[in-house]
Amino acid sequence: MQIVRRIAGLALMGIAGWLAWQGLHGVLVLTSRGSPLADALDAIVIWRIAAATLAGIGGLMAALNLRFGAVLALIGSLLFIGLAAAFILSGTDSSLWMDEAVGAGAMSAATAILLFIRRS
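> Lay out the overall build of the protein with the relevant residues and their values.
Scanning the protein for helices and strands turns up five helices and zero strands. Starting at the N terminus and walking to the C terminus, you meet the elements of the protein as α-α-α-α-α. Since a compact globule built from 120 residues should have a radius of gyration of about 14 Å, the 15 Å found for the protein is in line with a globular shape. Each of the three principal axes of the protein carries a C-alpha extent, and together these read 50 × 30 × 15 Å. Here the protein holds 120 residues, and the buried ones make up 32% of them. For the protein, the proportion of contacts with a sequence separation of at least 24, taken over those separated by at least 6, is 70%. Carbon and sulfur atoms make up 73% of the accessible area of the protein, which amounts to about 6700 Å² in all. Side chains of the protein give 7 positive and 5 negative charges; the mean places of these two sets differ by 26 Å.

So this is what it looks like as structure tokens:
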């Protein structure tokens, strides 16, 4: 069962890395067009990058069989679920929050595997 836990941790790290890159890419595009960094880093972008980074580090820790990796992954996943819920509840267009919703679902599944399979 340890191999399943490692695969889930690596999958979570990959998903979180992709979602963090999407947030960072938007910042890079805006700053490359001349906008100041303060304008590019709004609360949503910071929330997205922080949540994805926490989940990714937690996934890596779990894959390496380190303590509290699953807990850190849970915190990051819950923050990402909160981000998706904030987009949905605010009534924004689905094209703006679909990546967050799908990513949050995949992160939740990987985090559940990490939480419910014992670390040996």
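> Help me get a handle on helix 4 (residues 69–89), residues and values and all.
Residue pairs spaced three or four apart in an α-helix point in one direction, given the helix's 3.6 residues per turn. The terminal C-alpha atoms of helix 4 lie 30 Å apart, and with 21 residues this matches the ideal 30 Å at 1.5 Å per residue to within 8%. Note on helix 4: the residue one or two positions beyond its end, G91, has a positive phi of about 85 degrees.

> Could you give me a rundown of the environment of I15, with the residues and numbers involved?
Relative to the helices and strands, I15 resides in helix 1 (residues 2–32). Looking at I15, the relative accessible area reads 25%, which means it is partly exposed. Residue contacts for I15: discarding those within four places in its chain leaves G103, A106 and M107.

> Which residues make up the layout of surface pockets, and what values go with them?
Here the largest pocket defines a volume of roughly 260 Å³. Surrounding the largest pocket, 13 residues form its lining, I44, R48, F87, L96 and E100 being those nearest its centre. At the level of secondary structure, the elements contributing two or more residues to the lining of the largest pocket comprise helix 1, helix 3 (43–63) and helix 5 (94–116). Looking at the lining of the largest pocket residue by residue, the class counts come to five nonpolar, four polar and four charged. Estimated volume of the second largest pocket: approximately 160 Å³. Considering the residues around the second largest pocket, the lining is formed by R5, L66, R67, F68, G69, A70, V71, L114, L115, I117, R118 and R119. The class makeup of the residues in the lining of the second largest pocket is seven nonpolar, one polar and four charged.

What counts as what
Residues numbered from 1 in each chain as written. Predicted model: local features only at pLDDT ≥ 70, side-chain atom pairs only at ≥ 80, totals over all residues. Heavy atoms only, no water. Helix = DSSP H or I, 4+ residues; strand = E, 2+ residues; numbered from the N terminus. Rg over C-alpha atoms; globule rule 2.2 N^0.38 Å. Buried < 20%, exposed > 50% of the residue type's maximum accessible area, 1.4 Å probe, protein only. Contact = heavy atoms within 4.5 Å. Areas by Shrake-Rupley, 256 points an atom, 1.4 Å probe, with all protein chains shown as cover. Lys, Arg positive; Asp, Glu negative; His and termini not counted. Charge placed at Lys NZ, Arg CZ, Asp CG, Glu CD. Expected span 1.5 Å × (residues − 1). 1 Å grid on protein atoms, 1.4 Å probe; cavity = no way out; pocket = protein on both sides within 12 Å on 5 of 7 lines; lining within 4 Å. Points joined across faces, edges and corners; volume = space filled by probe spheres on them. Nonpolar A, V, L, I, M, F, W, Y, C, P; charged D, E, K, R; others polar.

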